[in-house]
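Architecture at a glance
One letter stands for each residue in the lines below.
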Amino acid sequence: MVSIILPNYNHQHFLAQRIDSILNQTHQNFELILLDDASTDESMSIINNYTKHPKVTQVVCNATNSGSPFKQWQKGIALAKGTYIWIAESDDYCDKQFLEKILDCFEKDNQLGLVYAQSTDVDENGKALANRVNFTKEFAPNIWKNDFVCEGKLFVKNYLQIKNVIPNASAVVFKKKLVANKNVFSNSLLQMKMCGDWLFWIQLTTQTKIGFIAQPLNFFRHHSGVTRNHSNTKRKKMRLLEEATLRSYLQEKEFFNNAKELSLYKKWFKLHKLSDVLKKTYYRIKLKKTSYGYFLRQIITYYLQK
């Protein structure tokens, strides 16, 4: 019923806990696909302890690093035989009833194509840091305080185009048929480091109805090695360029958000001198359906105010 894809790269310290939390699920109708992206730590010695487990159907170890977590997602989905897909990140872990409760939602409403659960942020040692309900407190009402079901396009319009309100892949199970379109894994997505999951969820949710479980069944690990950290200037620029690609996609699908577009530009201007921003190469931050006139007016307005 469920194909669980576990993409790993250098997470030896968390890997056994992650795999055990999957194998000990109360719902046992699943296969486990283990992927390693040429780890340089002791990950493979841990993975080798599970290769003969009856639930493990595939173990694929890259000889060289792919450079993209989403290439691993794509590979795992291509190998998957299940109706449902769960991408279980190798540094997270879950409640033993995670699958049972997620699949119960699908059973109750066959129109659902994606269901996810609330997450608890934890540190390297598994100590609870915060419930993710605070991540969505800017929305009024904060619908994540309770279980809900929502039409996907409405979910994108009201929430997902504003920020990535599905912040952790490990909390999500979706129907494999939603990724039947080969365009889901576009070159743009496969090159992303920070916004790829956000774009992926937008592409999936616009096709279907989604469900949410307010009970925190997923444990979202925070540690120094996570790719979502973007504290230095180079990574901040990369993050904004990826968001520009995502927002251009939203524009093409007729989801417009002028406030977020303006915020994107201001963040970009803040990271560059005026002379740099005016160079043609720096126009790549401009969204596809934004006129150059409007874009130039934003540049002038920003630097005059500054």
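This text goes with the structure placed above it.
Residues numbered from 1 in each chain as written. Predicted model: local features only at pLDDT ≥ 70, side-chain atom pairs only at ≥ 80, totals over all residues. Heavy atoms only, no water.

1. Looking at the environment of Asn-142
Structurally, Asn-142 is set in the loop between β7 (128-131) and β8 (148-151). The contacts of Asn-142, once residues within four sequence positions are left out, are Val-133, Thr-136 and Lys-137. A polar contact is formed between the side chain of Asn-142 and the side chain of Thr-136, at a distance of 2.8 Å. (Helix = DSSP H or I, 4+ residues; strand = E, 2+ residues; numbered from the N terminus. Contact = heavy atoms within 4.5 Å. Polar contact = N/O pair within 3.5 Å; in protein donor to acceptor, adjacent residues only side chain to side chain.)

2. What about unusual backbone geometry?
Look at the link from Ala-140 to Pro-141: it is a cis peptide, with omega at 0°. Residue placement: Pro-141 occurs in the loop between β7 and β8. The backbone of Asn-10 shows a phi angle near 55°, a positive value even though the residue is not glycine. Positive phi is not limited to glycine here, since Glu-254 has a value of about 70°. If you trace the backbone, Glu-254 turns up in the loop between α8 (233-252) and α9 (258-270).

3. Comments concerning the environment of Ser-66
Mapped onto the elements, Ser-66 comes out in the loop between β3 (56-61) and α3 (69-79). Once the C-alpha coordinates of Ser-66 and Ser-170 are considered, the two residues, 104 residues apart in sequence, prove to be 20 Å apart. Filtering out sequence-adjacent residues up to four positions away, Ser-66 remains in contact with Asp-37, Lys-71 and Gln-72. Side-chain polar atoms of Ser-66 contact the backbone oxygen of Ser-68, separated by 3.0 Å.

4. Description of empty space enclosed by the protein
A probe matching the size of a water molecule, rolled over the atoms, marks out where space remains unfilled. Taken as a whole and judged by the stated rule, the model has two cavities of 30 Å³ or more. Taken as a whole, the largest cavity holds about 70 Å³ of empty space. Examining the composition of the lining of the largest cavity, we find that four residues originate from one element, strand β6 (residues 112-122), more than from any other. When grouped by side-chain class, the residues that make up the lining of the largest cavity number seven nonpolar, three polar and one charged. The calculated volume of the second largest cavity comes to roughly 60 Å³. Taken together, Gln-161, Arg-247, Leu-250, Gln-251, Phe-255, Phe-256, Asn-257, Lys-260, Glu-261 and Leu-287 make up the lining of the second largest cavity. Residue assignment for the lining of the second largest cavity shows that the elements contributing at least two residues are α8 and α9. Broken down by element, the residue count for the lining of the second largest cavity peaks at three residues, all from α8. Taken together, the residues of the lining of the second largest cavity sort by class into four nonpolar, three polar and three charged. (1 Å grid on protein atoms, 1.4 Å probe; cavity = no way out; pocket = protein on both sides within 12 Å on 5 of 7 lines; lining within 4 Å. Points joined across faces, edges and corners; volume = space filled by probe spheres on them. Nonpolar A, V, L, I, M, F, W, Y, C, P; charged D, E, K, R; others polar.)

5. Observations concerning the nonpolar core
Among the nonpolar cores identified, the biggest contains 46 residues, and Tyr-116, Trp-144, Phe-155, Phe-174, Phe-200 and Trp-201 are the most heavily contacted of them. At six residues, helix α7 (residues 196-205) tops the list of elements feeding residues into this core. (Core = buried A, V, L, I, M, F, W, Y, C linked by side-chain atoms within 4.5 Å. Buried < 20%, exposed > 50% of the residue type's maximum accessible area, 1.4 Å probe, protein only.)

6. Focus on the packing of aromatic side chains
Applying the stated criterion across every chain yields a total of 27 aromatic pairs. Ring plane angle 85° and centroid distance 5.9 Å describe the contact between Trp-144 and Phe-148, whose orientation is recorded as edge-to-face. Residue class for Phe-148 comes out buried when judged on its relative accessible area of 12%. Arranged with centres 6.1 Å apart and planes meeting at 40°, the rings of Phe-269 and Tyr-303 form a pair that is tilted. Remark: Tyr-303 occurs in helix α11 (residues 292-305) and Phe-269 occurs in helix α9; sequence separation between them is 34 residues. As far as burial versus exposure is concerned, Phe-269 and Tyr-303 are alike and both buried. In this structure an aromatic cluster arises from ring pairing among Tyr-116, Phe-139, Trp-144, Phe-148, Phe-155, Tyr-159 and Phe-212. (Phe/Tyr/Trp six-rings, centres within 6.5 Å; stacked < 30°, edge-to-face > 60°.)

So yeah, pure geometry; function would need other evidence.
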